[in-house]
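# Breakdown of the fold
So you can see what is in the structure, the chains are spelled out below.
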Amino acid sequence: MSDSSSQNTSNSNPGTANVMPAAEALAAAAAAMGTDTQAAPAPATHDPLADAQAELANIKAQNATLADQYLRAQADVQNARRRADEEISKARKFAVEGFADSLLPVLDSLEAGLAIQSATPEQIREGAEATLRQLKSALERNKVVDINPAAGTKFDPHHHQAISVVPAQQEANTVVTVLQKGYLIADRVLRPALVTVTAPK
């Protein structure tokens with residue numbers, strides 16, 4: 001009895017001795033793995049609310065910048081429009097002043113001629129011719145030129161106005177006589193010339 005008990009005891013002890021080192025090895029491996037897992041950094045977490053607030057703040061800043069640029073552009077447009085209106089007003093004013101200034105010598109000549117009570121017909125005619133030359137010169141300086149087509153000139157409906165059609169020994173649809181001269185101002189018709197033209201053949 002004692003021998004078999006001792007054998008059983010001796011048989012069971014070696015098995016226990018073999019199991020314990022394996023358990024310890026597994027525990028050591030688990031501990032090592034646990035250490036590596038703890039050493040790895042945790043993934044960063046995103047806050048959707050913070051991201052949305054940051055994006056909203058960025059949009060508000062851009063909106064404020066655009067609003068400021070719009071107001072500045074509006075102010076620039078208004079200033080440019082005001083300056084343009086002032087320039088147009090000044091141009092009109094000075095154009096009238098320049099034309100009036102060129103007519104003052106004509107006015108002076110007329111007044112001087114009328115002041116002579118004992119002028120002879122020859123003197124009156126000479127004064128009228130001199131005044132007419134002054135008037136023509138003043139008109140030409142302001143780009144006002146006459147339309148006075150010679151006989152036989154091709155009829156131009158842009159510059160001429162036909163009053164009547166008459167028979168004449170010249171090419172059809174040409175000017176025969178000028179009843180009233182026309183005038184251009186800066187290449188624009190101020191008044192067309194009144195003319196008679198030849199009848200078509």
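Attention in this report is confined to the structure presented alongside it. (Residues numbered from 1 in each chain as written. Predicted model: local features only at pLDDT ≥ 70, side-chain atom pairs only at ≥ 80, totals over all residues. Heavy atoms only, no water.)

### A closer look at the sheet that holds strand 5 (residues 188-191)
Think of a sheet as strands paired side by side through backbone hydrogen bonds, with each pair either parallel or antiparallel. Our working definition: Here, a strand pair is defined by DSSP locating no fewer than two bridges between the strands. Put simply, DSSP marks the helices as runs of H or I at least four residues long and the strands as runs of E at least two long, and each gets a number from the N terminus on. To get an axis, fit a line to the C-alpha atoms, keeping to the stretch in contact for a helix; angles then go from 0 to 180 degrees between the N-to-C directions.
Taken in spatial order, the three strands of this open sheet run 1-4-5, and their pairing is antiparallel. Whereas interior strands pair on both sides, the edge strands pair on one side only; in this sheet they are strand 1 (144-147) and strand 5. Recorded for the sheet is a direction-independent mean angle of 35° between the axes of neighbouring strands. Pairing of strand 4 (residues 182-185) with strand 5 involves three bridges; the strand directions are antiparallel. When the bridges of strand 5 are listed, Leu184 appears paired with Val189.

### Notes on the sheet that holds strand 3 (residues 175-180)
Overall, mixed pairing links the three strands, which are arranged 2-6-3 in an open sheet. This sheet does not close on itself; its edge strands, each paired only once, are strand 2 (160-166) and strand 3. Recorded for the sheet is a direction-independent mean angle of 30° between the axes of neighbouring strands.

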